[in-house]
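Commentary on secondary and tertiary structure
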Amino acid sequence: MSNEIKVALLALVAIGLSYWGYNFIKGKDVLSNSNIYYVEFDNVSSLNPSTAVVIRGIKVGFVSSVALVPNTDKVRISLDLDRKLQVPVNTVAEIYNNGFMGTKQVRLEFPPIGQRNQFYKSGSFIPGRILGFIGSNITPEELQKYIIILQVGLKGALDSLNQELTDDPNGPVAKGLRDLAGTLANLNSSTGQLNTILSRSGSDITVSMHNLRLLTDTLAANNGKITAMLKNAEKFSGQLGSLDIKKTMTSVDETIASLKSTLAKTDNAMGSLNTIASDLQQGKGSLGKLLKDSSFAGNLKTLSSRADSLAKDLRLRPYRYIPLKGRKRVQRYDRLDGAKIVDPNTAKQN
């Protein structure tokens, strides 16, 4: 046998041993026959391939693959089980926690022996479920025992507490319970009074609710108007914001200062008028004497009469007041005027 053939055979043996070792590490024995079953879950809780599959603690296979089912939200696992194992119909594949560390494993729960008449074929789908921590580590029978023990313990504790409460009626606990009963009685009385008040005020409450409903209906009916008012108010506030408030206030200040100046001048004028009125009241000046001195008024009247006579004489006999006239000529004119000239005002009066 040539060396080339020996090397080829050695390579084939090495490849075979590597394949067998890889599958052995994964938990699969390539030298034995097996059946494949499938289970689908919504969530496999970090279940890994090569995880052992057990029945009552005995390993009967392993998980060969874990993959998502296309176009679904399901996760499908493949169970590689010993061919000699027959899986009855209604068997459930459970994913559970193997111990407190949370390692996930798969176990098969067979139906009762009397119901194992039909069996799944290789390639069939098996129902599956996921157990929580308690369901994984405590069987239903053990859980029922623990519940019974807990009930007995609680009953004894409650009996002891009841005895402790009833044996000492003056104790703090009994007194607290009596106070609680009194509080509840007062609360019951208060609720009764409240019910009475509500029953008496039922009509008023109904009227108030009716008025409130009318108000809400009115608001709803005038919603458009209210909205328009709010928009106008918003527009007005915007216009106020756009105004030059500082300039306007400066103008207002200037106007107020001008008004103060005018009022001051008016005050001075009123003071002057008060002074004039005081002088008139005291008879000062010509106008004051006219008001207070009767002789001055008479003299003024006489003066006015004489001035009127002078004006009349000047109108009727103007030649008297022409300069360079002789006295005889004036007297001659006076005689002629006395005979001929008649005062037009006197003629009208006649």
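All of these numbers come straight from a predicted model, not from anything done at the bench.

Moving on to the overall build of the protein chain. When its secondary structure is counted, the protein chain shows eleven helices and seven strands. Burial analysis of the protein chain (350 residues in total) assigns 16% to the buried set. Looking at the protein chain alone, contacts between residues at least 24 apart form 55% of all its contacts between residues at least 6 apart. A total accessible area of about 27,100 Å² is found for the protein chain, and carbon and sulfur atoms account for 60% of it.

On the surface, a nonpolar cluster with roughly 810 Å² of combined accessible area is contributed by Leu194, Leu198, Ile205, Met209, Leu212, Leu215, Leu219, Ile226 and Leu230. Among the elements of the structure, helix 4 (172-200), helix 5 (202-221) and helix 6 (223-242) are those that each provide at least two residues to the nonpolar patch. By residue number, the principal contributor to the nonpolar patch is helix 5, which donates five residues. Take Ile226: it is sitting in helix 6. For Ile226, a relative accessible area of 30% gives the class partly exposed.

The subject of this paragraph is the pattern of salt bridges. Per the counting criterion, the structure on display carries five salt bridges. Where Glu40 meets Arg76, a salt bridge forms, and the shortest distance between an N and an O atom there is 2.8 Å. Placement of the pair is Glu40 in strand 1 (residues 34-41) and Arg76 in strand 4 (residues 75-82), with a sequence separation of 36 residues. Among the ionic pairs, Glu109 bridges to Arg107, the shortest N-O distance being 3.9 Å.

Residues of the protein chain with pLDDT of at least 70 account for 73%, and the chain-wide mean is 77. Within the model, pLDDT remains below 50 along residues 346-350, and this stretch shows zero contacts once partners closer than five positions in the same chain are excluded.

This part is about the nonpolar core. Core analysis: the largest hydrophobic core is formed by 22 residues, its most contacted members being Val53, Ile77, Leu79, Leu81, Val106 and Leu108. Those elements that place two or more of their residues in this core are strand 1, strand 2 (52-55), strand 3 (58-68), strand 4, strand 5 (92-98) and strand 6 (103-109). The greatest single-element share of this core, amounting to four residues, is contributed by strand 4. Those residues in contact with Leu79, other than ones at most four positions away along the chain, are Asn35, Ile36, Tyr37, Val39, Val53, Phe62, Val63, Ser64, Ala93, Val106 and Leu108.

Moving on, we get to the packing of aromatic side chains. Counted according to the given criterion, the structure contains one aromatic pair. Ring geometry for Tyr38 against Phe125: centres 5.5 Å apart, planes inclined by 35°, an arrangement best described as tilted. Separated by 87 residues along the polypeptide, Tyr38 in strand 1 and Phe125 in the loop between strand 6 and strand 7 (128-130) bring together distant segments of the chain. Judged by relative accessible area, Tyr38 falls into the partly exposed class, the value being 27%. For Arg107, the ring lying beneath its charged end belongs to Tyr96, and the centroid distance is 4.5 Å.

Before going further, it helps to spend a moment on the sheet that holds strand 7. On the basis of which strands lie adjacent, the open sheet formed by seven strands has the order 1-4-3-2-6-5-7 and mixed pairing. The open sheet terminates on both sides in strands that have one partner only, identified here as strand 1 and strand 7. Strand-to-strand, the axes of this sheet are offset by a mean angle of 30°, without reference to chain direction. As defined by bridge partners, strand 5 adjoins strand 7 across three bridges and the pair is classed as parallel. Considered in strand 7, the bridge of Ile95 is made with Ile130.

What counts, and at which threshold
Residues numbered from 1 in each chain as written. Predicted model: local features only at pLDDT ≥ 70, side-chain atom pairs only at ≥ 80, totals over all residues. Heavy atoms only, no water. Helix = DSSP H or I, 4+ residues; strand = E, 2+ residues; numbered from the N terminus. Buried < 20%, exposed > 50% of the residue type's maximum accessible area, 1.4 Å probe, protein only. Contact = heavy atoms within 4.5 Å. Areas by Shrake-Rupley, 256 points an atom, 1.4 Å probe, with all protein chains shown as cover. Patch = residues over 30% accessible without salt bridge, like charges linked within 9 Å, V, L, I, M, F, W, Y side chains within 5 Å. Salt bridge = Lys/Arg side-chain N within 4 Å of Asp/Glu carboxyl O. pLDDT = per-residue confidence, 0-100. Core = buried A, V, L, I, M, F, W, Y, C linked by side-chain atoms within 4.5 Å. Phe/Tyr/Trp six-rings, centres within 6.5 Å; stacked < 30°, edge-to-face > 60°. Lys NZ or Arg CZ within 6 Å of the ring centre and 35° of its normal. Pairing = 2+ DSSP bridges. Axes fitted to C-alpha atoms, helices over the stretch in contact; angles between N-to-C directions.

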